[in-house]
Amino acid sequence: MMAAAGRAATRSGPWSSAPTTAPRLGYQPAGYWRLVKLHAVNTLLVLVTLSIWRFWAVTRVRQILWAHTRFDGEPLEYTGSGIEILVGFLKVVLLILLPIALAVTALQIAWLDAAPDTAEALDLIYVLGLLWFVALGRYLSLRYRTSRTRWRGIRGRLAGAVGGYLWLTLWTSALTVVTGSLFKPWMDALRIRYALDGARAGSLPVTCRIGGGDLVWAWLIALLLWPFTFGLSLFWYRARIHRVIADRTAAGPLRFGFAASGGQHARLWIGNVALLFGPAVLVALATLPALFQALETGSPGDRPFGLAEVAAALILPALPILAALVGAYILLTPIVWERRIRFLCRHLVVLGLVDLAAVRQAADDPTTAGEGLAGDFDAL
Amino acid sequence: MPSEATLYDGVDARAHTVAVRVDRDRLVLELHDPDAPPRCPLAWPLASSHPTAEGRADRLTVTTRLAPDARLVIEDAALRAAVAPVLNRAARRTGQGRAAARWAVALGAAIVVIVAAGGLMTRHAAELLPAGWGGRLSDGLLEQLGELHPACTGAAGVAALDRLAARMSASLDLPPPRVVTVQWGLVNAFALPGGRVVLTSGLIAGTGRPEAVAAVLAHEIGHVARRDPLARLLRDKLVDVAVAAVFGVSVGWAGTGTVAAFLLDGSYTREQESAADTIAIAILNDLDIASGPGSGFFDALARKESGLDGVTLLRSHPLSGERAAELRRRGTGTGAGLTAAEWRAVRDICG
């Protein structure tokens, strides 16, 4: 109803602060071949620089995708830089990865000798560490991207401290594992709330009132249906999370809705996986007979295969599969990027009108560090 | 004739329509609506004005160091063509960017120093750890290896090798190592952390002489005495971290310290090999075992297997002519190390 009211409002001049229509998020295609060219060059440079270029690669891609994403008709601007993301990554390596590597090594060598029965506990610690890394990476990524995104010159900012989120992810991950995932809805809600509540879009305060109770039934049902739906019920939970986040979040006078169903989430995700790996799977299926034949004809009778013989027999038939994989990566990844953004734009509903004069600049995020391991844990 | 553009002053989100013209060394912005003036300068020196992130071909967004939050959006093609060439792209480099670059260099250097120092310290760290440390890890690896290459169980052969290893380690005042022979055609031998030594059936078949088996075993016990496998394990972990730092992912977080790593992950350093040789020669001399057949075996191996089909002893223990000659020259022993019956049992250890 608010959106209808917004659309009914009178449009005024571009310098006016008077609200016009309810803002919408939209995406204007950036040009397929432009993205393919950029992605191909980036891929080449990532290979040549032993992956160091990836920080600059992601920056260039974001610049283009952001610039073609419009909120209320005006494009977003990405102001992040490769060097900042590199710094964030190096900080994580120095402060987290290096100490953990040393600790895990020490535990493997020393503790296992002293108490071999603790191997499972060590594995659990390792899994928790990985979960923690992923969660931390995502938060750092969101924080960095928010602070480096501008609309009409106004930037966003998350309020939470990394240290607080670190502690939150640690105990919520532990509790989720210990309770056999029953705590997961609360973990998700607490993390989302920590990230969003208190954030700012310029001077507009963002509030997020999501709670674990909003998600618990969806999670339990998704868990129960998991074996019967081959895991697809998790998309239903994912849809529920998106809907609840949107329903419980406000930015100043703006309210949100997210209309995607579990099926639509599944189609997006499965479609993206099919785009990236489908061609290689199809080629593999087509070349399997030739591959087996090559192995059979190359077999030296009763004698077992040597490594070199197996490699020689497999390389030629595997080349088309590799080509399909690389080709899909180069040619179809840009489609995956745009599919994700379009999905967001199509399903996000913004309600309310915003007085542009009331949207004032947020304080700058003083950090020069980037997003830690986000580039590795949080795909575009 | 000035053309129109949109100005965001960076203070609030309102748009201001302005006329833009280039006046010598400045961009001059003239307001269309003086009643709602922007709160940013309206004369932008060209030297400090630069395009922002380039994401669109159909618009030019300019900012200035005088008001870094302000944005001037030019969509008019003619105006874009007039303004773009006179902007100073170098002005984009901010103090924040330079600070980030300094941080990157400092952090990168710190990581390199820590990893390098760690690499150098692995030897000392390994020496500080108790003799048996890493043994459980090695037993796990041997269990995995056993699934592909079962351990040989010929009781007499196992006992003969255990006796020989016990005599060798006793001469160094070390606890006896656990010697495992596996059914594997590969000509190889390697030591694992915690005093484990692995010989392959291919090695025993390939040597043809008990003295050569003894020389190889003595060499591996030399590595055990020096804690080389443990030092290598620690070094591998550090290399893994360094690789993760470059590539963003750990390629072998759980893979380092595997049998494959011990076979494939390069070799010990020349200094480590020479030191293990020195210990081996001392052991062989102490037990009166001839070193000539051992060095002869290495020479023959080097001649025959220059192609390195698979992973051979030479892959994990690079052998130089000098080292083989040293083994021959400094060896004083004359015995075989094993009795004829023991040697038969060892040859039949895998059935």
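Each chain carries its own residue numbering, running from 1 in the written order of its sequence. In the order they appear in the text, chains get letters beginning with A and ligands get numbers beginning with 1. Given that the model is predicted, a residue must reach a pLDDT of at least 70 before its local features are reported, and side-chain atom pairs must reach 80 or more before they are shown or counted; all residues, however, enter totals for whole chains, interfaces and linings. Side-chain calculation: all heavy atoms of the structure are included, whereas hydrogens and water are not.

A short note on the overall build of chain B
Part 1 of the argument: Helical segments are the DSSP runs of H or I of at least four residues, strand segments are the runs of E of at least two, and each set is numbered from the N terminus. Assigned secondary structure in chain B consists of 13 helices and 10 strands.
Part 2 of the argument: Buried means the residue's accessible area, taken with a 1.4 Å probe over protein chains only, is under 20% of the maximum for its type, while exposed means over 50%, and partly exposed covers the values in between. The burial tally for chain B puts 51% of its 351 residues in the buried class.
Part 3 of the argument: Residue contacts are counted whenever heavy atoms from the two residues lie within 4.5 Å of one another. Put simply, 64% of the contacts in chain B that link residues at least 6 apart link residues at least 24 apart.
Part 4 of the argument: Per-residue accessibility takes into account occlusion by the displayed protein chains alone, with areas from the Shrake-Rupley method and a 1.4 Å probe. Looking at chain B as shown, the accessible area adds up to about 15200 Å², and 58% of this sits on carbon and sulfur atoms.

Some points on the overall build of chain A
Part 1 of the argument: A tally of regular secondary structure across chain A gives 12 helices and 10 strands.
Part 2 of the argument: Relative to its 380 residues, chain A shows a buried fraction of 45%.
Part 3 of the argument: When contacts within chain A are restricted to residue pairs at least 6 apart in sequence, those whose partners lie at least 24 apart make up 71%.
Part 4 of the argument: On chain A, roughly 18400 Å² of surface is accessible, and the fraction owed to carbon and sulfur atoms is 71%.

Considerations on the state of the cysteines
All names here are of chain B.
Part 1 of the argument: Cysteine sulfur atoms are paired as a disulfide whenever they fall within 2.5 Å. Evaluation of the coordinates by the stated rule reveals one disulfide over all chains.
Part 2 of the argument: Covalent S-S linkage joins cysteine 152 and cysteine 350, the inter-sulfur distance amounting to 1.8 Å. Residues cysteine 152 and cysteine 350 share a disulfide whose torsion about the S-S bond is about 75°; that sign makes it right-handed. Of the two residues, cysteine 152 sits in the loop between α3 (135-148) and α4 (155-170) while cysteine 350 sits in the segment after α13 (340-347), which places them 198 residues apart along the sequence.
Part 3 of the argument: Exposure remark for cysteine 350: the relative accessible area of 24% places this residue in the partly exposed category.

Notes on the packing of aromatic side chains
Residues and elements named next belong to chain A.
Part 1 of the argument: Only the six-membered ring of Trp is used, alongside the rings of Phe and Tyr, when aromatic pairs are assigned; centres must lie within 6.5 Å, and planes under 30 degrees apart are stacked while those over 60 apart are edge-to-face, with the rest tilted. Here the structure, examined in full by the defined rule, presents 14 aromatic pairs over all chains.
Part 2 of the argument: Ring geometry for phenylalanine 183 versus tryptophan 186: centroids 6.2 Å apart, planes at 20°, classification stacked.
Part 3 of the argument: By relative accessible area, which is 35% here, tryptophan 186 ends up partly exposed.
Part 4 of the argument: Sitting over the ring of phenylalanine 89, arginine 54 keeps its end group 4.8 Å from the ring centre. Geometrically, a charge over a ring is one whose NZ (Lys) or CZ (Arg) sits within 6 Å of the ring centre while staying within 35 degrees of the ring normal.

Quick look at helix α8 (residues 216-225) of chain A
Residues and elements named next belong to chain A.
Part 1 of the argument: Of all the residues in α8, the buried ones are Val216, Ala218, Trp219 and Ala222. One side of α8 carries all its buried residues, which in axial view fall inside an arc of 165°. Turned more than 90 degrees from where α8 packs its buried face, Trp217 and Leu224 sit exposed.
Part 2 of the argument: If you follow the buried residues of α8, they end up packed against α7 (184-196) and α9 (233-248). Each direction from the helix axis to a C-beta atom contributes to the arc, which is the arc of those directions.

Here we look at the environment of arginine 152 of chain A
Part 1 of the argument: By the secondary structure assignment, arginine 152 of chain A is in the loop between β4 (149-151) and β5 (154-157).
Part 2 of the argument: Residue classification places arginine 152 of chain A among the buried positions, given a relative accessible area of 11%.
Part 3 of the argument: Spatially, the C-alpha atom of arginine 152 of chain A lies 23 Å from that of arginine 340 of chain A, the residues being 188 residues apart in sequence.
Part 4 of the argument: When near neighbours in sequence (up to four residues on either side) are disregarded, arginine 152 of chain A contacts Glu74 and Leu356 of chain A together with Tyr8, Asp12, Ala13, Arg14 and Ala15 of chain B.
Part 5 of the argument: We call two N or O atoms a polar contact when they sit within 3.5 Å, provided that within protein one can donate a hydrogen and the other can accept it, with sequence-adjacent residues counted only if both atoms are side-chain atoms. Among the polar contacts listed, one links the side chain of arginine 152 of chain A to the backbone oxygen of alanine 13 of chain B, at a separation of 2.8 Å.

Brief notes about the confidence of the model for chain B
Residue and element names in this part refer to chain B.
Part 1 of the argument: Across the chain, each position has a pLDDT score giving the predictor's confidence in that residue, from 0 to 100. Averaged over all residues, the pLDDT of chain B equals 81, while 84% of them reach at least 70.
Part 2 of the argument: Scored below 50 in pLDDT, residues 253-257 shows 16 contacts in the model against residues more than four places distant or in partner chains.
Part 3 of the argument: When the criterion is pLDDT under 50, residues 307-312 qualifies, and its contacts beyond four places in sequence or with other chains add up to 11 contacts.
Part 4 of the argument: This prediction of the complex comes with two scores: 0.75 for pTM and 0.78 for ipTM.

Notes on the nonpolar core
Part 1 of the argument: Counting residues in hydrophobic clusters, the biggest one holds 62 residues, and the most contacted among them are Leu65, Phe71 and Leu90 of chain A.
Part 2 of the argument: With 12 residues, helix α4 (residues 82-114) of chain A is the largest single contributor of residues to this core.
Part 3 of the argument: If we ignore the near neighbours within four places in the chain, the residues touching leucine 65 of chain A are Tyr27, Leu35, Trp337 and Ile341 of chain A.
Part 4 of the argument: The next biggest cluster of nonpolar side chains, apart from the first, holds 37 residues, and it includes Leu161, Ala189, Ala218 and Phe297 of chain B. Put simply, a nonpolar core is a bunch of buried Ala, Val, Leu, Ile, Met, Phe, Trp, Tyr and Cys residues held in one set by side-chain atoms that sit within 4.5 Å of each other.

A closer look at the sheet that holds strand β6 (residues 60-64) of chain B
Residue and element names in this part refer to chain B.
Part 1 of the argument: At least two DSSP bridges between two strands are needed for those strands to be called paired. Pairing is antiparallel across the open sheet formed by seven strands, whose spatial order is β4-β3-β2-β1-β7-β6-β5. The strands lining the two open edges of the sheet, one partner per strand, are β4 (43-45) and β5 (49-51). With strand direction ignored, the average angle separating the axes of adjacent strands in the sheet is 35°.
Part 2 of the argument: Both strand β3 (residues 26-31) and β4 contribute to a ladder of three bridges, which runs antiparallel. Looking across to β4, one finds that leucine 27 is bridged to tryptophan 44. Every angle, taken between N-to-C directions, lies between 0 and 180 degrees, and every axis is a line fitted to C-alpha atoms, over only the stretch in contact when it is a helix.

Structural notes on unusual backbone geometry
Part 1 of the argument: Even without a glycine there, the phi angle at arginine 152 of chain A is positive, about 55°.
Part 2 of the argument: Of note, arginine 24 of chain B is a non-glycine position whose phi angle comes to about 50°, a positive value.
Part 3 of the argument: When you line up the elements, arginine 24 of chain B lands in the loop between β2 (15-23) and β3.

A word on the sheet that holds strand β7 (residues 204-208) of chain A
Residues and elements named next belong to chain A.
Part 1 of the argument: Strand order in the open sheet made by the 10 strands is β1-β2-β3-β4-β5-β6-β7-β8-β9-β10, with antiparallel pairing throughout. This sheet does not close on itself; its edge strands, each paired only once, are β1 (25-27) and β10 (348-351).
Part 2 of the argument: Strand direction decides the pairing type here: strand β6 (residues 200-201) and β7, joined by two bridges, are antiparallel. Paired with alanine 201 across the bridge in β7 is leucine 204.
Part 3 of the argument: In this fold α9 packs onto β7, β8 (249-251) and β9 (254-258), with an angle of close to 165° to the strand it touches most, β9.

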